[in-house]
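Each chain, written out:
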Amino acid sequence: MESERLESPVAIKGIERELICPACKELFTHPLIIPCQHNVCHKCVKEILFAFEDSFADGGSESSNQSSPRIRISASSMDRIDRINRSGRKRNSLTPRSTLFPCPSCQRDIDLGERGINGLFRNFTLETIVERYRQAARAAVAIMCDFCKPPPQESTKSCMDCSASYCNECFKIHHPWGTVKAQHEYVGPTTNFRPKILMCPEHEMERVNMYCEICRRPVCHLCKLGGSHANHRVTTMSTAYKTLKEKLSKDIEYLISKESQVKAHITQLDLLLKETECNSERAKQEASQSFEKLYHVLEEKKSAALRAIETSKNIRLEKLQTQVEEYQGLLENNGLVGYAQEVLKETDPSCFVQTAKQLHVRIQKATESLKSFRPAAETTFEHFVVDTAKQEDILGDLSFHSNGLEIPEINEAQSRMYNKALISWECPGKTESADTYVLEYHKLNKEEESVTWQKTEVCGKSKVLSDLDDDSSYAFRVRGYKGSICSPWSREVIMRTPPAPVFSFLFDDKCGYNNEHLQLNPRRTSVESRAGFPLLLGSERLQVGCYTTLDYIIGDTGIAKGKHFWAFTVEAYSYLVKVGVVPSNKIQKLFHNTHDVTSPRYEQDSGHDSGSEDAFFDSSQPCTLVTLGMKKFVIPATPAAPKDPASRILPLPSCLGICLDCDRGRVGFYDAGRMKCLYECEVDCSGLMYPAFALMGSAAVHLEEAVTAKYREYHDDI
């Protein structure tokens, strides 16, 4: 042991990099092996989990990241906080509740499971190596005896069973011959005490005796019999020890045999370091020259603008000064008036007339000028205002452009406008992709002369926006960034928000719901009509014709006032679907008005004809509905509608929307993909209004799912 201590400075020389925790950037303290096989200090794991809990509870604010100065969480890791579905949890114990965090080394999402930190193995081997390094670093600092009376003596050995250090005298006292303690295992002085037997963290009373090849971790026999490793491939600990040690030894021998190649690579990397330094200086000079050119252009433009303003000023001042002098001449005993007064003193008629004629013309002009006074020059310089808005936008976009960085494209098929806006994009090529993206958007407004783009930085390839106005069109564009290099802007895509706030509801499974003909999914967001055996048995009495059955279903929430919008999709195979709204006072009539398939269309002795019954059925509709089916949208036959039936049939949009304005008494039916109104009519909103649907034959309707945080930027990272 003493020889091992003396050789340790040589053995561990140059491996400090492997002994540094990736979280706290210090030597490992009680390192734990996390599922991705990286090591992190026990304290760091707890602090990361606490930091993520606090950050998530505080909305991911920057200030919350300062709660643990020991750890350094990267920005990309903090962006993943909202993946932790533990909203509202606060630190109220010494054990973090969260079990999900990104690995500080590889940034992979780590889920510690139900046992959390308690389910992780402590890396005693790494801990021992760190302790050797610490001892080598502080060789002059001795480890003192834990049992000596002050002043303590330098320890000579440490007992692994007692987890304490002793000098020779104290060791003899506490480990007398002939006792059980005399059989304790002792080593040279150390502060790193490791258990003699590695116990299973899931079954604390069981020692690990097997190795799971799937999870790459030691397990006990209970883990294999009925635990989480029951169906995993395991091997004995001795076999795993032998196999892994042989592999590691073989790989180490290979690396040692390639020492000359490694040195050659190091030499090459040193040259690359110097080359990088030179190239970076050259790039700095080129960038400085480019900006100097811009400075010169701006200085020239500035000088030209100032010269133009100065010239205009001088011309105007000269004109105004001349006008001032002219008006000063109109004063008594001064200028023109004074001269005219002197001329009036002339008594010789011929001489007076000779002079007065020209003087009178000047006096008349001065009189007219006085009556219609106008300054000889303008005082404002509004025509000399420099408009730099476009240039500022261009300079704001000034960056390093790279031909190797792809131009992202906004995917309109995956983007959605509903309660929130989900904007998705992709990079179609195979060239290098960006690390981050900048999404910009602005509201289209014809009255605004200049465009102000709102900007948001995104780590993934999608973004949810919640600050958009209803019934408005927005332009979106995106660009990628890799370090300081950016791609050009993508093509601008224009999308329109819903005409009103989104109304959320589910299908009502109680009021009038016919579970023999209709089938709801467990979340009550989809309904499907099915014929089933009741229809088959009922058709046994069919002879000539019958009323077909419309099965109605309504929303579970009503609307009393305001303007609301909801969207849904109708399956392409649907034969007949009717959609619209129904007032609360007509719901009972709606469900009682349905006709059973066994009801005769006409009987030989009924005395009814089909025409009169159809007229009655059409006139007694209790709700406002439009007809869909067979991939068509049918505009209702109203006096204002086209007379040609073919012109009232439109292709069925992939997504439909209904906008109910209770205050105006109007309901509109929309192509929800383009937010374009297909048909609008008046509706009686005197009562509580409910969304209504009717299905016949094979048909299905799915309510549009609201855009939530789960659509955030990480889909492409998973």
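Analysis parameters
- Residues numbered from 1 in each chain as written.
- Predicted model: local features only at pLDDT ≥ 70, side-chain atom pairs only at ≥ 80, totals over all residues.
- Heavy atoms only, no water.
- UniProt positions renumbered as here; feature names shortened; annotations may be inferred.
- Helix = DSSP H or I, 4+ residues; strand = E, 2+ residues; numbered from the N terminus.
- Buried < 20%, exposed > 50% of the residue type's maximum accessible area, 1.4 Å probe, protein only.
- Contact = heavy atoms within 4.5 Å.
- Phe/Tyr/Trp six-rings, centres within 6.5 Å; stacked < 30°, edge-to-face > 60°.
- pLDDT = per-residue confidence, 0-100.
- Pairing = 2+ DSSP bridges.
- Salt bridge = Lys/Arg side-chain N within 4 Å of Asp/Glu carboxyl O.

In the nomenclature of an unreviewed UniProt entry, the protein is known as E3 ubiquitin-protein ligase TRIM36 of Lonchura striata. In the Subcellular location (unreviewed entry) part of its UniProt record, the protein is described as follows: "Cytoplasm, Cytoskeleton". Turning to the protein, the UniProt record has this under Sequence similarities (unreviewed entry): "Belongs to the TRIM/RBCC family."

Glancing now at the overall build of the protein. Summing up its helical and strand segments, the protein has 14 helices and 34 strands in all. Taking all 718 residues of the protein together, 35% fall into the buried category. Restricting the contact set of the protein to residue pairs at least 6 apart, pairs at least 24 apart contribute 64%.

As a further point, take the packing of aromatic side chains. The full count for this structure, using the stated rule, is 14 aromatic pairs. The interplanar angle of 90° and the centroid separation of 6.0 Å between the aromatic rings of Phe-505 and Trp-566 together place this pair among those described as edge-to-face. Here the residue Phe-505 occupies a position in the loop between β21 (493-496) and β22 (518-520), and Trp-566 occupies one in strand β25 (residues 563-570), the gap between them amounting to 61 residues. Here the two residues Phe-505 and Trp-566 agree in accessibility, since each one is buried. Centre to centre, the rings of Phe-568 and Phe-693 are 5.4 Å apart; their planes meet at 85°, and the pair counts as edge-to-face. Placement of Phe-568 in strand β25 and of Phe-693 in strand β33 (residues 689-696) is noted, with a sequence separation of 125 residues between them. Like Phe-693, Phe-568 is buried.

With that settled, consider the confidence of the model for the protein. Taken residue by residue, the protein gives an average pLDDT of 78. The fraction at 70 or more is 80%. Every residue in residues 59-93 is under pLDDT 50, and counting partners more than four places away or in other chains gives 73 contacts.

So, about unusual backbone geometry. In the segment running from Pro-150 into Pro-151, the intervening peptide bond is cis, with an omega of -5°. Inspection of the secondary structure assignment puts Pro-151 in the loop between α4 (124-137) and β6 (157-159).

On to the pairing of strand β26 (residues 576-583). For β26, the tally of buried residues reaches 7 of 8 residues, placing the bulk of the element in the interior. Pairing of β26 with β33 involves 8 bridges; the strand directions are antiparallel. Residue pairing in the sheet places Leu-576 in a bridge with Met-696 of β33. Examined bridge by bridge, β26 and strand β27 (residues 624-629) share 5 bridges and lie antiparallel to one another.

So, on to the pairing of strand β24 (residues 551-554). Here β24 shows a buried face lined by Asp-551 and Ile-553 and a second buried face lined by Tyr-552 and Ile-554. Strand direction decides the pairing type here: β24 and β33, joined by 4 bridges, are antiparallel. Looking across to β33, one finds that Ile-554 is bridged to Ala-692.

Take the UniProt feature "coiled-coil region" (unreviewed entry) in the protein next. Following the UniProt record, one finds the feature "coiled-coil region" (unreviewed entry) at residues 266-293. With 100% helix and 0% strand, residues 266-293 has its two end C-alpha atoms placed 40 Å apart.

The next thing to look at is the sheet that holds strand β2 (residues 39-41). Taken together, 3 strands build an open sheet; the order of strands is β2-β1-β5 and the sheet is antiparallel. Every other strand in the sheet has two partners, leaving β2 and β5 (121-122) as the edge strands with one partner each. Across 2 bridges, strand β1 (residues 31-33) lies against β5 in antiparallel orientation. Looking at β5, one finds that Leu-32 is bridged to Arg-122.

Let us look at the pattern of salt bridges. Summed over the entire model, instances satisfying the criterion amount to 19 salt bridges. With a closest N to O distance of 3.8 Å, Lys-284 and Glu-281 form a salt bridge. Of this pair, Lys-284 and Glu-281 both sit in helix α8 (residues 259-328), 3 residues apart, which is roughly one turn of the helix. Classification of Glu-281 by relative accessible area gives partly exposed; the value is 39%. For Lys-443, the salt bridge is made with Asp-469, and the minimal N-O distance between the two is 3.1 Å. Of the two residues, Lys-443 is situated in strand β16 (residues 436-443) and Asp-469 in the loop between β18 (462-465) and β19 (473-482); the sequence distance between them amounts to 26 residues. On the accessibility criterion, Lys-443 (35% relative accessible area) is partly exposed. By relative accessible area, Asp-469 is classed as partly exposed at 38%.

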